[in-house]
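As a plain string of letters, each chain reads:
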Amino acid sequence: MLFRSIGTTLLLFVLMRPKYEKKVMRIVFLCVCLLNCLSIFFCIFSNYTIVTRFSLLFYIVTGIFLKPFFRDSWPKWCFNVITMMNIFASIVILSYNISLMLPYPRYANIVLRVILFSAVIFLFMRFLRALYQKVVERWNVVLLLAGAIFLNYMYYLILSRDIVRTLSNDFVPLFLLIVLSFAAYVTVFFFLLKISKEYELREQNFQMQMQQKLLGSELQAYEDFVAVANQHRHDLRHHNAILSEFFSAGNMEGAKTYLKHYDNSIVESSMCRYCKNHTANAVLQVFKHRAEDNSISFCVQADIPEFLPDRKSTRLNSSHRI
């Protein structure tokens with residue numbers, strides 16, 4: 001009785017998400033275990049049927065009492081308590097019937113319960129806890145299934161006049177109910193795991209597509225930047241050729257007039273200065289022209305320094321700060 005109470009209480013703490021720090025939760029756990037130990041004295045003088053009914057009622061009341069110490073909402077809390085009760089009922093049925101086939105059935109029953117509770121708690125803590133929390137987040141999908149299994153267990157354990165005879169005579173339907181419960185929970189777990197993997201793959205594919213689009217946009221911007229640079233280089237050659245003609249002809253007034261018009265054109269083109277960084281300014285200028293060609297309004301607020309820090313120095317500074 002003591003090991004079963006401790007195991008069930010520990011399982012409840014494993015399934016839930018605590019609200020407070022570990023020290024507080026340990027005190028709460030010890031208080032619940034102490035209350036369980038006090039209730040054992042009442043169960044010692046009762047038959048197995050009363051003990052089973054009292055245990056079920058005690059765990060339900062304990063679950064309600066512990067609700068303020070955990071973060072789960074009431075629907076999630078109900079699902080967790082129902083799951084805990086389903087595991088408790090399965091272990092009680094299996095341990096009792098298997099112990100009948102072993103020497104010293106009473107002590108074998110205790111050992112089997114310790115082993116089964118320990119195995120379930122270990123599986124949840126080591127492998128299933130994160131996945132189980134995802135199942136809890138979708139409680140509205142699985143609550144009806146867990147509740148139906150719980151009502152089937154309660155039909156045999158609560159309404160039975162003699163629980164020992166019920167566990168012995170109805171072992172086959174009870175064992176099939178355990179198999180059905182296990183299959184239902186495993187199916188839900190694997191289905192959710194598959195859905196989660198598909199969602200992650202879909203998310204990865206979406207990110208890859210966005211990266212490809214971004215890369216394509218960057219390549220197009222680079223090509224436009226190169227085209228603008230080539231145009232500037234061509235204009236510069238044309239500018240040098242015109243000046244060379246003026247100087248060759250000795251037409252200094254014509255050269256001055258041309259340079260004056262050229263300076264005015266430079267002032268007009270340099271009015272759109274978005275930031276101090278020349279490269280970023282040129283790229284923004286490319287996007288501005290592309291927007292104007294498509295009749296799209298273009299407005300930029302950029303604050304980029306003229307000289308960007310080197311990647312290596314940035315890494316060193318960031319690692320130093322860490």
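Treat the numbers as computed from the prediction; the structure is a model and nothing was measured. (Residues numbered from 1 in each chain as written. Predicted model: local features only at pLDDT ≥ 70, side-chain atom pairs only at ≥ 80, totals over all residues. Heavy atoms only, no water.)

A. Broad picture of the overall build of the protein. For the protein, the count of helices and strands is 11 helices and zero strands. Along the chain direction, N to C, the helices and strands of the protein fall in the order α-α-α-α-α-α-α-α-α-α-α. Looking at the 322 residues of the protein, the share that counts as buried comes to 34%. Counted over contacts in the protein with a minimum sequence separation of 6, partners at least 24 positions apart contribute 72%. Roughly 21800 Å² of accessible area belongs to the protein as shown, and the carbon and sulfur atoms make up 65% of that amount. (Helix = DSSP H or I, 4+ residues; strand = E, 2+ residues; numbered from the N terminus. Buried < 20%, exposed > 50% of the residue type's maximum accessible area, 1.4 Å probe, protein only. Contact = heavy atoms within 4.5 Å. Areas by Shrake-Rupley, 256 points an atom, 1.4 Å probe, with all protein chains shown as cover.)

B. Molecular detail of the packing of aromatic side chains. Applying the stated criterion across every chain, the model contains 11 aromatic pairs. For the ring pair Phe13 and Phe29, a centre distance of 5.4 Å and an interplane angle of 80° mean the geometry is edge-to-face. On the criterion of sequence distance, the pair formed by Phe13 in helix α1 (residues 2-15) and Phe29 in helix α2 (residues 22-44) is long-range, its members being 16 residues apart. Of the residues examined, Phe13 reaches a relative accessible area of 12% and is grouped as buried. One aromatic cluster in this structure is built from Phe13, Phe29, Phe70 and Trp77. Positioned above the aromatic ring of Trp74 is the side chain of Lys67, whose terminal nitrogen or guanidinium carbon lies 5.3 Å from the ring centre. (Phe/Tyr/Trp six-rings, centres within 6.5 Å; stacked < 30°, edge-to-face > 60°. Lys NZ or Arg CZ within 6 Å of the ring centre and 35° of its normal.)

C. Spotlight on the packing of helix α5 (residues 105-137) against helix α8 (residues 171-249). For the pair α5 and α8, the least separation of the axes is 10 Å and the interaxial angle reads 85°. Judged on the interaxial angle alone, α8 and α5 are roughly perpendicular. Together, Leu128, Leu131, Tyr132, Lys134 and Val135 of α5 and Val188, Phe189, Leu192, Leu193 and Ser196 of α8 make up the contact between the two elements. Residues that form the contact of α5 with α8 fall into these classes: eight nonpolar, one polar and one charged. (Axes fitted to C-alpha atoms, helices over the stretch in contact; angles between N-to-C directions. Parallel < 35°, antiparallel > 145°, perpendicular 65-115°, else oblique. Nonpolar A, V, L, I, M, F, W, Y, C, P; charged D, E, K, R; others polar.)

D. Expanded view of α8. Under the 1.5 Å per step criterion, the end-to-end length of α8 is 116 Å for 79 residues, consistent within 8% with the ideal 117 Å. After α8 finishes, the residue Gly250 shows a positive phi value of roughly 70°. (Expected span 1.5 Å × (residues − 1).)

E. Structural context of the pattern of salt bridges. Inspection of the entire model under this criterion finds three salt bridges. Measuring nitrogen to oxygen at the nearest pair gives 3.4 Å for the salt bridge that ties Asp72 to Arg17. One end of the pair, Asp72, is in the loop between α3 (48-66) and α4 (74-99); the other, Arg17, is in the loop between α1 and α2, and 55 residues separate them in sequence. Residue classification places Asp72 among the buried positions, given a relative accessible area of 1%. A salt bridge links Lys76 to Glu137; its shortest N-O distance comes to 3.0 Å. In this pair, Lys76 is assigned in helix α4 and Glu137 in helix α5, connecting sequence segments 61 residues apart. According to the relative accessible area criterion, Glu137 is partly exposed, its value standing at 40%. Here the salt bridges do not stand alone but share partners, grouping Arg17, Asp72, Lys76 and Glu137 into one network. (Salt bridge = Lys/Arg side-chain N within 4 Å of Asp/Glu carboxyl O.)

F. The nonpolar core, seen in detail. In this structure, Leu11, Leu66, Phe79, Met84, Met85, Phe124 and Tyr153 are the most contacted members of the largest nonpolar core, which totals 55 residues. A total of 13 residues in this core trace back to one element, the largest contributor, which is α4. Residues contacting Leu11, with those up to four places away along its chain left out, are Met84, Ile87, Val120, Ile121 and Phe124. (Core = buried A, V, L, I, M, F, W, Y, C linked by side-chain atoms within 4.5 Å.)

G. Molecular detail of α4. A rise of 1.5 Å per residue sets the reference length of α4, with its 26 residues, at 38 Å; its end C-alpha atoms lie 37 Å apart and thus fit the reference within 8%. Among the 26 residues that make up α4, 21 are buried, leaving the element largely enclosed by the rest of the structure.

H. Summary view of unusual backbone geometry. One non-glycine residue, Tyr104, adopts positive backbone phi at about 50°. Structurally, Tyr104 is set in the loop between α4 and α5. On the basis of relative accessibility, which here comes to 63%, the residue Tyr104 falls in the exposed class.

I. Seen up close, the environment of Ala221. Here Ala221 lies in helix α8. Counting along the chain gives 65 residues from Ala221 to Val286, while the straight-line C-alpha distance between them is 7.0 Å. Ignoring sequence-local partners within four residues, the contact set of Ala221 consists of Val286, Phe287 and Arg290.

J. Representation of the side chain of Asn97. Structurally, Asn97 is set in helix α4. Asn97 sits in the buried class, given a relative accessible area of 9%. Polar side-chain contacts of Asn97 include one of 3.4 Å to the backbone oxygen of Leu167. Aside from chain neighbours lying at most four places away, what touches Asn97 is Leu167, Ser168 and Phe171. (Polar contact = N/O pair within 3.5 Å; in protein donor to acceptor, adjacent residues only side chain to side chain.)

K. Seen up close, the environment of Val286. Structurally, the position occupied by Val286 is in helix α10 (residues 278-293). With a relative accessible area of 3%, Val286 lands in the buried category. Counting along the chain gives 61 residues from Val286 to Phe225, while the straight-line C-alpha distance between them is 6.3 Å. Ignoring any residue separated from it by four or fewer positions in sequence, one finds Val286 in contact with Ala221, Asp224, Phe225 and Val228.

Purely spatial values, then, with no claim about function.
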